[in-house]
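# Chains, contacts and geometry: an overview
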Protein chains: 2
Amino acid sequence: MNILFIMYDQLRFDYLSCAGHPHLHTPNFDRVAAMGLQFSQCYVQSPICGASRMSYYTGRYTSSHGAQWNGFPLRVGEVTLGDHLRKLGMHSWLIGKTHMKVDADGMARLGLAADSIIGARQAECGFDAWIRDDGLWGQGPEGFYDAKRSPYNEYLKSKGYDGENPWSDYANSGIDADGDMASGWMFKNADKPANIREEDSETPWLTSETIRFIDQAEGDWLAHVSYIKPHWPYIVPAPYHDMYGPQHVLPAKRADREREEPHPVYGTFLSNKIAAAFQQDAVREKVIPAYMGLIKQADDQLGRLLDHLDETGRMKDTMIVLCSDHGDYLGDHWLGEKDLFHEASVKVPMIIYDPRSKADSTRGTTCDALVESIDLAATFIEAAGGEVPDHIVEGRSLMPWLEGRDTDWREYVVSEYDYSATPMCVALGVAPKDARLFMVFDGRWKLIHAEGGFRPMLFDLKTDPDEFDDLAKGAAHSTEIARLYDMLADWGRRCNQRVTRSDADIVASRGGSAKKGILPFMVDGKEVPQEWTEKYRGPARQNYTKKPQ
Amino acid sequence: MNILFIMYDQLRFDYLSCAGHPHLHTPNFDRVAAMGLQFSQCYVQSPICGASRMSYYTGRYTSSHGAQWNGFPLRVGEVTLGDHLRKLGMHSWLIGKTHMKVDADGMARLGLAADSIIGARQAECGFDAWIRDDGLWGQGPEGFYDAKRSPYNEYLKSKGYDGENPWSDYANSGIDADGDMASGWMFKNADKPANIREEDSETPWLTSETIRFIDQAEGDWLAHVSYIKPHWPYIVPAPYHDMYGPQHVLPAKRADREREEPHPVYGTFLSNKIAAAFQQDAVREKVIPAYMGLIKQADDQLGRLLDHLDETGRMKDTMIVLCSDHGDYLGDHWLGEKDLFHEASVKVPMIIYDPRSKADSTRGTTCDALVESIDLAATFIEAAGGEVPDHIVEGRSLMPWLEGRDTDWREYVVSEYDYSATPMCVALGVAPKDARLFMVFDGRWKLIHAEGGFRPMLFDLKTDPDEFDDLAKGAAHSTEIARLYDMLADWGRRCNQRVTRSDADIVASRGGSAKKGILPFMVDGKEVPQEWTEKYRGPARQNYTKKPQ
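This structure is a prediction, so every number in the text was calculated from the model and none was measured.

In terms of burial, helix α14 (residues 375-383) of chain B is a largely internal element, eight of the nine residues being buried. Of the residues making up α14 of chain B, those classed as buried are D375, L376, A377, A378, T379, F380, I381 and A383 of chain B.

Okay, here's the thing in structure tokens:
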């Protein structure tokens, strides 16, 4: 079997028609949902690209793999999805973005050459790269944000787009009234069409690369198709730029009382530049239609991919997963971007189509179980015929849900966020190690713990689905707070670094030392069979002499 | 400066005259204590050889490095003391035991050759091996416990000791009345002299190797001199075998009430074979004098080493550390061996001599601070002139104590024990992942948490220094229990895997992305200096054309 592990970047859980969006029609996402199973409560391990992705690619919580924010290298030797699947004879390919940063110091310490196969896999989260393009080719006075080569820029140049950085100048810019470049970085330009042929824009380009990969692929494979969009810059080529307008923009989910005595951490995020921008309706009315257009384009390209699978007969033997690394506030809760733990940010779409007949009973249905993004790695390992090495992979296989089997499931999900590298850490005056947040959500109650001596935050999603009322403001709810803190404490003691010994290894090792002559309990030898000890008795020990004098 | 990092195996904190033993006179340990600083409250991170040592060698808690029991390999790439010191120009040498098991799977995954320098260091906790001999050459029906070559057995053979395993047949055996071999594995033989020339026994041999190392060493070095003794088998050559007798054996620290409604985990350990043996006074009266003889021999050999340092002038530039990987119950609390968290098992000697004048003010004094074994790695890094990388090393440098400086210190120590590989796990019927114990001690109250749904254990060392009364048996003390559980929860959320990014790296990285053109907050460009954005404006962008048609 093959696996198409498709990830969109910054795609909100509720911006799909199969998730109930009233204006955004996504027939192709819906088509996969109709063929497969849609999870209504999937949470990422961290609402930020890099950390979330490292959790997807390792099946481990961010505080287990340690790459807790963008640009924090994944430690050398951390076992990845690619490592697990290779052992099972399935190769893992990367097509697009990972946001992976290589642990260059660790590689040097171990003498690993970056240009060796093993070295290259260490640099690509364990994937073999069909195409690696992280899709953020920003440039400023200090040069490029991403120093790697850009296959996408190379593609654009080959198509006649001029300049050093056509990603910036064409794919992510429009043209203003004076005929000057209108940067997609500026929200005021979000309603302009990107100055690029639609088929050359990022999402169609990566889709074409995916089809090119599929057509030549042999054997069992997993392809991680990782789109940069609908991630900012928020600008999209025609015809998608004006498919939606202010009339399609849903009102911001926000309440004035959220800004009254806000939790210090939330309060600080409220005043960052992105939040300030998205607090303006004019910005939302320009940006959100572009965001919807980017999703609509992604849906059309998904349709192109699905049609290709149908035509080539691969739909019968290809598992398809649609997910995202995190959401986008889009002005909800007075915020922009992601980073915190409201549903808009930490909850993501998760739709899985399993072609095998075992999964027939759940096609077209929805599962409300508490799912974590780390569950995918476990699911892929089981789909590839392996047993999940649960001393390494912390996620749990979703196969029972796909096959409609009863299963004992987790009672809560955990997500983490490290804001030590952000201006909010400076503004709050906390040490980097204290700039860490933990979310525990049990399906109703959502507790957010902040290191550094702050009070927690608490939301009751049953009585307050919009998460407007931080119940930890007052003295009430201490019982719920204590209960969720106990869950967090249990999670904190989880066995997550004993990665070199499985439970089965341990069971098999029991009692071995005595049979190898380690007998630190013998009084007179009667404690063990004679053959274990006779070697230490006179008769069995020939030529026993006094010590050399 | 050089560092002699001397570790004894299974040496109790209170079996030294400088620690108050009434019968065991250890003038050479006392001599180092008089020259240096003695820590009265040093706790190991796990009361078991392998796990404790991996914490000493990495400066990290056992649940951080993952090698939580004997024979659990230390994951490839885990940063060790050797790695830290090499960066500072100090080489780390191993002379003796580490109990390290190499992560062969991880090495294979990364293509590391065992016979390469880097590969060899991965197999030796980051040390370069002068001599690696773990000192347990037990043999049984399934062969040798330790499959590696034994430099000590090779030495004995070169000295004319015959047979395949003179470690067993001579160094650790006596002769019985019939002239047959009397195995040192049997407690009944503990009072016999080992059938070996004293100078050929393990402790003098390793001391000679150490002197040989010192005499040829150049540059700054750390030598980890790691003795197997006074670890079992409990047998010692003349004249040490009869220096002590039953009259020197202190009464067992045990009370009948300890066995009334014991905690299920403690209760299960009470019934293991070693505990059963040490519950017999006859066993204690044979074993403890041998144990004391082994310590006395270690003290004499320490004197030999100290004299050599004096004679060669190296005492002026050599830091000396005396410590142990864990203690030995010797029948206290009705137990033998180690494994649990009573003081006899989890507290160890820690004596540090720093030759530098900065340390003059504390010579000959005692420090009662709560010290952990992981603090040594940090101390050595600071002694070598480095800054402690506290995103990797969880211990704290002891230099402030050595130099008599005021310092903000930890409020509690944590130790852990994984008994998943033992018969006690089977007897209790808990899953391997639940066979884990955690100790939190704040200087007065000692809480032991057991995974698997058991109640905790609680001791008040102020009112009950002997730890006879498990206060968690009743419903009382819930406040103290909750307070210590909060400490454990804080510890559980510690930032211990973000090993590829220091706090300084994070601070330096702040705000970098905007200057590299990542501007996801711009409404109209006024938010940033013009030069950041002009590249995206018409004038600065020459030959801007419409997209290729």
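After presenting the structure, the write-up continues.
Here we take up the interface of chain B and chain A. If you look at the interface, chain B gives 119 residues, while chain A gives 118 residues. Across the chain B/chain A interface, buried area totals approximately 10300 Å², and carbon plus sulfur atoms make up 58% of it. Run the count over chain B and chain A and you get six salt bridges. For the interface between chain B and chain A, the tally reads 28 residue pairs in polar contact (both at pLDDT 80 or more). The biggest single contributor to the side of chain B that touches chain A is helix α18 (residues 503-509) of chain B, with four residues. Here the side of chain B that touches chain A is composed, by residue class, of 44 nonpolar, 38 polar and 37 charged.

All names here are of chain B. What the three strands build is an open sheet, ordered β12-β3-β15; its pairing is mixed. Strand pairing shows two members of the sheet lacking a second neighbour, β12 (347-348) and β15 (371-372), which therefore form its edges. Here strand β3 (residues 42-43) pairs with β15 via two bridges, running parallel. Paired with C42 across the strands is V371, a residue of β15.

As a further point, take unusual backbone geometry. Glycine aside, residues mostly have negative phi angles, and peptide bonds mostly take the trans form. Of the consecutive residues K229 of chain A and P230 of chain A, the connecting peptide bond is found in the cis state with omega at 10 degrees. Here P230 of chain A is to be found in the loop between β9 (221-226) and α10 (264-270). The linkage connecting A238 of chain A with the following residue, P239 of chain A, adopts the cis geometry, with an omega of 5 degrees. Its place among the elements puts P239 of chain A in the loop between β9 and α10. Backbone geometry places E467 of chain B, a non-glycine residue, at a positive phi of 55 degrees. With respect to the helices, strands and loops of the structure, E467 of chain B is situated in the loop between β19 (457-460) and α17 (478-492).

Below, the discussion takes up the packing of helix α9 (residues 202-216) of chain A against helix α12 (residues 281-312) of chain A. Residue and element names in this part refer to chain A. As a packed pair, α9 and α12 sit with axes 9 Å apart at the nearest point and diverge in direction by 15 degrees. By the angle between their directions, the pair α9 and α12 is classed as roughly parallel. At the point where α9 passes α12, the crossing takes the right-handed sense. The residues of α12 that touch α9, namely those facing T203, P204, T207, S208, T210, I211, I214 and D215, are Q297, A298, Q301, R304, L305, H308, L309 and T312.

Looking at chain A, the pLDDT average stands at 95 and 98% of residues meet or exceed 70. Reported confidence for the predicted complex is 0.95 by ipTM and 0.96 by pTM.

Right, let's get into the relation of the copies chain B and chain A. With an RMSD of 0.1 Å, the fit of chain B onto chain A corresponds to turning through 180 degrees and sliding 0.0 Å along the axis. Such a turn and shift between the copies fits a two-fold axis. Looking at the interface residues of chain B, 99% of them are also at the interface in chain A, so both copies use one shared face.

With that settled, the discussion passes to the packing of aromatic side chains. Scanning all chains against the criterion turns up 54 aromatic pairs over all chains. Taken together, a centroid distance of 6.0 Å and an interplanar angle of 70 degrees make the contact between F438 of chain B and W491 of chain B edge-to-face. Of this pair, F438 of chain B sits in strand β17 (residues 436-441) while W491 of chain B sits in helix α17, and the two are 53 residues apart along the sequence. Residue F438 of chain B is classed as buried on the basis of its relative accessible area, which comes to 2%. Three or more aromatic residues link up through ring pairs in this structure, and these residues are F5, Y56, Y57, F127 and F380 of chain A. Over the ring of F521 of chain B we find K273 of chain A, and its NZ or CZ is 4.4 Å from the ring centre.

All names here are of chain B. Contact pair helix α1 (residues 27-35) / helix α12 (residues 281-312): the axes reach a minimum separation of 7 Å and the direction vectors enclose 50 degrees. On the basis of their axis angle, the class for α1 and α12 is oblique. Across the interface between the two elements, P27, N28, F29, R31 and V32 from α1 touch K296, D299, D300, L302, G303, L306, D307 and D310 from α12.

Residue and element names in this part refer to chain B. Among the six residues in β17, six count as buried, and that is most of the element. The alternating pattern of β17 places R436, F438 and V440 on one face and L437, M439 and F441 on the opposite face, and all of these are buried. Here six bridges tie strand β16 (residues 413-418) to β17, and the two strands are oriented antiparallel to one another. Across the sheet, the residue bridging to V413 is F441, located in β17. Across five bridges, the pairing between β17 and strand β18 (residues 445-450) is antiparallel. For V440, the partnering residue across the bridge sits in β18 and is L447.

Residues and elements named next belong to chain A. Considering the arrangement of structural elements, one finds Q139 in strand β5 (residues 139-140). The class for Q139 is buried, based on a relative accessible area of 7%. Distance in space between the C-alpha atoms of Q139 and N165 is 8.5 Å, their sequence separation being 26 residues. A polar contact of 2.9 Å, which involves the side chain of Q139, links it to the side chain of E164. A distance of 2.8 Å separates a polar atom in the side chain of Q139 from a polar atom in the side chain of N165.

Residues and elements named next belong to chain A. Spatial ordering of the open sheet is given by β14-β15-β16-β17, a layout of four strands whose pairing is antiparallel. With partners counted over all chains shown, the strands left at the sheet margins are β14 (413-418) and β17 (457-460), one partner each. Sheet twist, expressed as the mean angle between neighbouring strand axes with direction ignored, is 15 degrees. Strands in contact with helix α17 (residues 478-492) are β14, β15 (436-441), β16 (445-450) and β17; relative to β16, the strand with the most contacts, it is inclined by about 65 degrees.

Conventions adopted
Residues numbered from 1 in each chain as written. Chains lettered and ligands numbered in written order. Predicted model: local features only at pLDDT ≥ 70, side-chain atom pairs only at ≥ 80, totals over all residues. Heavy atoms only, no water. Buried < 20%, exposed > 50% of the residue type's maximum accessible area, 1.4 Å probe, protein only. Helix = DSSP H or I, 4+ residues; strand = E, 2+ residues; numbered from the N terminus. Contact = heavy atoms within 4.5 Å. Buried area = accessible area lost by both parts, 1.4 Å probe. Salt bridge = Lys/Arg side-chain N within 4 Å of Asp/Glu carboxyl O. Polar contact = N/O pair within 3.5 Å; in protein donor to acceptor, adjacent residues only side chain to side chain. Nonpolar A, V, L, I, M, F, W, Y, C, P; charged D, E, K, R; others polar. Pairing = 2+ DSSP bridges. Axes fitted to C-alpha atoms, helices over the stretch in contact; angles between N-to-C directions. Parallel < 35°, antiparallel > 145°, perpendicular 65-115°, else oblique. Left-handed = near helix turned anticlockwise from the far one by under 90°. pLDDT = per-residue confidence, 0-100. Least-squares fit on C-alpha atoms with pLDDT ≥ 70 in both. Phe/Tyr/Trp six-rings, centres within 6.5 Å; stacked < 30°, edge-to-face > 60°. Lys NZ or Arg CZ within 6 Å of the ring centre and 35° of its normal.

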